[in-house]
Amino acid sequence: MKVEDLHKHFLTREGRLEVLKGVSFEVREGEFVSVVGPSGCGKTTLLRLVGGLDSPSSGRITIDGKSPDPSLHRLGFVFQEDSLFPWRTVWENVRFGREVRGMEGEREVGELLERMGLRGFERCYPHQLSGGMKQRVAIARALAVDPDLLLMDEPFANLDAQTRWILHQDLTRIWEEVRKTILFVTHNVEEAVYLSDRVLVFTVRPARVKRVLRVGLPRPRDKLSAGLVKLRKEVVELLREEVPYL
Amino acid sequence: MIRFSREPLYASLLPLGVLLLWEALSRMVHSSFFPGVGEVLGSLWTLLTKGDVEGIRLHEHALHSLLRVLGGFSLACLTAIPLGILMGLREGIYRLSKPVLEPVRFIPPLAWIPLVILLLSGYWRYLFVIWLGAFFPILLNTISGIKRTSPTLVEVSRSFGAGKGTTVKKVVIPSALPEITSGMRVGLGVGWMCIVAAEMIGGERVGLGRLILKYSELLRVDMVVAGMITIGVVGLLMNEVLLRAEKRLFIWRREVSL
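Quick notes on the rules
- Residues numbered from 1 in each chain as written.
- Chains lettered and ligands numbered in written order.
- Predicted model: local features only at pLDDT ≥ 70, side-chain atom pairs only at ≥ 80, totals over all residues.
- Heavy atoms only, no water.
- Helix = DSSP H or I, 4+ residues; strand = E, 2+ residues; numbered from the N terminus.
- Expected span 1.5 Å × (residues − 1).
- Buried < 20%, exposed > 50% of the residue type's maximum accessible area, 1.4 Å probe, protein only.
- Arc of directions from axis to C-beta.
- Contact = heavy atoms within 4.5 Å.
- Pairing = 2+ DSSP bridges.
- Axes fitted to C-alpha atoms, helices over the stretch in contact; angles between N-to-C directions.
- 1 Å grid on protein atoms, 1.4 Å probe; cavity = no way out; pocket = protein on both sides within 12 Å on 5 of 7 lines; lining within 4 Å.
- Points joined across faces, edges and corners; volume = space filled by probe spheres on them.
- Nonpolar A, V, L, I, M, F, W, Y, C, P; charged D, E, K, R; others polar.
- Domains from an automatic or database assignment.
- Buried area = accessible area lost by both parts, 1.4 Å probe.
- Salt bridge = Lys/Arg side-chain N within 4 Å of Asp/Glu carboxyl O.
- Polar contact = N/O pair within 3.5 Å; in protein donor to acceptor, adjacent residues only side chain to side chain.

Topic: helix α7 (residues 226–242) of chain A
Three or four residues apart is the spacing at which side chains of an α-helix point the same way, because the helix has 3.6 residues per turn.
All names here are of chain A.
1) Next: Along its 17 residues, α7 runs 25 Å from first to last C-alpha, staying within 8% of the 24 Å computed at 1.5 Å per residue.
2) Next: Turning to α7, its buried residues are Leu228, Leu231, Val235, Leu238, Leu239 and Glu242. Buried residues of α7, seen end-on, are gathered within an arc of 100° and therefore sit on one face of the element. Of the exposed residues in α7, the ones pointing more than 90 degrees away from its buried face are Ala226, Lys230, Lys233 and Glu241.
3) Next: Summarising the contacts, the buried residues of α7 are in contact with β3 (32–36), α6 (189–195), β8 (198–202) and β9 (209–214).

In structure tokens, the structure reads:
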């Protein structure tokens, strides 16, 4: 996936709001890339553009050489907020994307639920699940279409620290098993360096890529290892240049 | 719905009090236009077993009224739900039709009656009056249900490459369904409340509304009250049945209110 000189502005009542100003980067197949940046810097906008939910003002995004199009590319989106269909059971939620895309086969759904630690919850409705479980279902639903690209928009932001920690480990394990290309947006620095191959640090709005950091540590990683802590410090310092009170 | 079942004692206290008050007032007033509890119960019994002055029994009246209401209600569902979905999806259509729909909404079915007498005949009169009562609650609930669909859920659907039609079918309508159904329940209730107005002009001699009108001409207040109570009880039962159906149908929702 390639992003070249991406610009995006919105027209608001107060005038033109520039959100992205010349963002360029690349994500290789099977790579896990995080985007961190100050709150409201346009990370979510970027993800929506990459996912083809919105179109750029100028610049180019290509996935396998073509502009992103949800009906063309297989994309898996995981949102920050509650995004499960409340009238569907866990099983039916995970099947949703497959139904839309006309993909047959129930076995894959079962395997995925097993892998995500959702066995025994197949018939539950979302309101019966905890926040962490809901996000597991959301991830399973995104993975169920066997996506070319998994787009995750602060998927763990609303979870408590402990649950988030467990999901980090699980996501790492699953990513190693399925080797999907992931673009992961977060404002949590610890999360970004722990999970990713590379971390893109964004500037304040209008956002550009400020720095790209390669993590380059073998998995499984230890959040408190010297290497990760050093990287965290580096990212935080970069962000402090943008937002002094951080 | 207030859950009375837990405190059956308290639950029966209030109706009992109302009955007592009614009886006491009736004895104080001591007028044939203010029947007591016993008299009305006796009239109900007479209506059930022997029928009214024309020998039509209470359940026949109720059944005819029910069929008329269900007819008008079905028509209201068939018109209001598709229209509501369309108006909920298309802001433009909603805005354009608002200046027409909004004033019409506040014209009571009773005000339509002279016009209905002149323009319609037979069964159409019942259908129209009841349709008028049931239509707006269903329409408005459908619109708001559709509009209240979470944008995130729509995006989820889009992100999987679903087209507009698929998204409406798989996301928008299912998410609006509880509100549509509760609109239907309210609509049925309002339609039922229009039964007297509808039967005022329907011509036939059978129906709960007709029963009340018949006896009001004869100044038989006890019979009138018996008819009123029947309308109330049948309405309550219909509401209860639908409420239970909703609870079963929308088990995925935490609660169904009212």
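Alright, that's what it looks like, and here's the rest.
Concerning the sheet that holds strand β6 (residues 149–153) of chain A
Residue and element names in this part refer to chain A.
1) Next: Ordered by their spatial adjacency, six strands build an open sheet running β5-β6-β7-β3-β8-β9, and the pairing between neighbours is mixed. Looking at strand neighbours, the two that pair on one side only are β5 (75–78) and β9, the edges of this open sheet. Looking at each pair of strands side by side, their axes are set apart by 15° on average, direction ignored.
2) Next: Two strands pair when backbone bridges link them, and β8 and β9 are joined in this way by five bridges, in the antiparallel orientation. Opposite Leu200, over in β9, you have Val212 as the bridge partner.
3) Next: Of the strands in this sheet, β3, β8 and β9 touch α7, which is tilted by about 175° from β9.

Here we look at empty space enclosed by the protein
All names here are of chain B.
1) Next: As enumerated under the stated definition, the model contains one cavity of 30 Å³ or more in all.
2) Next: Of the pockets and cavities examined, the largest cavity occupies roughly 60 Å³.
3) Next: Looking at the largest cavity, the residues that line it are Met87, Tyr94, Ser97, Lys98, Leu101, Glu102, Arg105, Phe136, Leu139, Leu140 and Ile143.
4) Next: No other element matches the six residues that helix α4 (residues 91–105) contributes to the lining of the largest cavity.
5) Next: Of the residues in the lining of the largest cavity, the class split is seven nonpolar, one polar and three charged.

Overview of the domain arrangement of chain A
Think of interface size as the accessible area that goes away when the parts come together; that is how it is often given.
All names here are of chain A.
1) Next: Domain parsing of chain A yields domain 1 (2–73 + 148–242) and domain 2 (83–145).
2) Next: Computed from C-alpha atoms alone, the centre-to-centre distance between domain 1 and domain 2 is 24 Å.
3) Next: Each partner contributes residues to the interface: domain 1 has 18 residues there, and domain 2 has ten residues.
4) Next: Between domain 1 and domain 2, roughly 1100 Å² of surface is buried when both sides are summed, and carbon and sulfur atoms account for 65% of that area.
5) Next: Of all residues in domain 1, Leu150, Leu167 and Ile174 bury the most surface against domain 2, accounting for 36% of the area lost on that side.
6) Next: At the boundary of domain 1 with domain 2, the tally comes to two salt bridges.
7) Next: Our enumeration of links across domain 1 and domain 2 arrives at six residue pairs in polar contact (both at pLDDT 80 or more).
8) Next: Every element with two or more residues in the side of domain 1 that touches domain 2 is listed here: β6 and α5 (161–178).
9) Next: Tallying contributions element by element places α5 first for the side of domain 1 that touches domain 2, with eight residues.
10) Next: Partitioning the side of domain 1 that touches domain 2 into residue classes produces eleven nonpolar, three polar and four charged.

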